[in-house]
Amino acid sequence: MQEAYKIGNAQSIGSCQIQSSYFASCCNGRGCLSVLADGTADHINGRRCAILAAEASMRQYWHMPENMEVPAFFDSVAAKVLRDMREIIFLGRTPYLSLSLLWVRERELHYYSVGSNQIFLYNGMDYQLMKRGFDTVAFEKGMTAGLVSCGVWEALNEKEMVSYLMKKEHPYDKAQHMIAGVREKNKKAAKTAAVVLVEGCL
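Being a predicted model, the structure only gives us computed values, none of them experimental. Residue numbering note: each chain is counted from 1, following its sequence as written. This being a predicted model, a pLDDT of at least 70 is required before a residue's local features are given, and a value of 80 or more before pairs of side-chain atoms are given or counted; all residues contribute to the totals for chains, interfaces and linings. Each side-chain value is derived from all of the structure's non-hydrogen atoms; neither hydrogens nor water enter the calculation.

**Overview of unusual backbone geometry**
A negative phi angle is the norm for most residues apart from glycine, just as the trans form is the norm for most peptide bonds. Where we set the bar: Helix and strand labels come from DSSP, where a helix needs a run of H or I of at least four residues and a strand needs a run of E of at least two; each type is numbered from the N terminus. Each residue's exposure class comes from its accessible area (1.4 Å probe, protein chains only) as a fraction of the maximum for that residue type: buried when under 20%, exposed when over 50%, partly exposed otherwise.
In this structure, Glu106 takes a positive phi of about 50° despite not being glycine. Checked against the element boundaries, Glu106 lands in the loop between strand E4 (98-105) and strand E5 (108-114). Residue Glu106 is classed as exposed on the basis of its relative accessible area of 63%. The phi dihedral of Arg107 is positive, around 65°, even though this residue is not glycine. Summarising the element assignment, Arg107 is placed in the loop between E4 and E5.

Right under this line is the structure:
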């Protein structure tokens, strides 16, 4: 039986003038890949960098060799993003960028994260923050994996996050409610905030 996933996302510009968080997702025969890139807040180059990183991640996913191992894929994404930032935007200067990727396939969650984003896993009872870097964990039906920018995790604590995740709703609706919670809690002080949720449904 082919695996299937439900995906939800939402974002807010908060009190900033420029959106600096961008995301993308793709599901195909190789599984489901989601990426969240968060550039320097309220800066035009932060926006450009985040867009570039999201696009480069998806491009590498679509064009990677069939036999490429997961660590090699994540390394190729990181190298491509860094090279493009230096050559296209920053002319040799390395900016501050948070980049997080989730690749779910064959009942496993492979993830990679650098910077201030957070990745979590929720199995219907327990909410677990994943360490930064690269790792692989089991991902079963009914579990939800999430990518959140610092604008989300600075506003919502674990109890509040679980209150949204436990609802019997599509991940899209859960993500929308999370961002609404961020805006309500921080009001004028809110930063840009983004969340991507991936739920296993088969």
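**As for the sheet that holds E5**
What counts here: Two strands form a pair only when DSSP identifies at least two bridges running between them. Under this scheme, a helix contributes an axis fitted over its contacting stretch, all axes are lines through C-alpha atoms, and angles between N-to-C directions fall in the 0 to 180 degree range.
With antiparallel pairing, 5 strands are arranged side by side in an open sheet as E2-E3-E4-E5-E8. Edge positions in the sheet fall to strand E2 (21-28) and strand E8 (133-138), since each of these pairs with one other strand and no more. Across the sheet, the mean angle separating the axes of adjacent strands is 10° when strand polarity is ignored. Pairing geometry for E5 and E8, over 6 bridges, is antiparallel. Residue pairing across strands places Tyr112 opposite Phe134, the latter belonging to E8.

**Some points on helix H5 (residues 171-186)**
Quick reminder of the rule: In this scheme, a helix's expected span is set at 1.5 Å multiplied by one less than its residue total. Arc definition: it is the arc formed by the directions from the helix axis to the C-beta atoms. Between two residues, a contact is recorded if the distance between any of their heavy atoms is within 4.5 Å.
Here H5 is 16 residues long and its end C-alpha atoms lie 23 Å apart, about the 22 Å a rise of 1.5 Å per residue gives. Residues of H5 that are buried: Pro171, Lys174, Ala175, Met178, Ile179, Gly181 and Val182. All buried residues of H5 project into a common sector of 150° when viewed along the axis, lining one side. Looking at the buried side of H5, the elements it contacts are strand E1 (5-12), helix H3 (150-153), helix H4 (158-165) and strand E10 (193-200).

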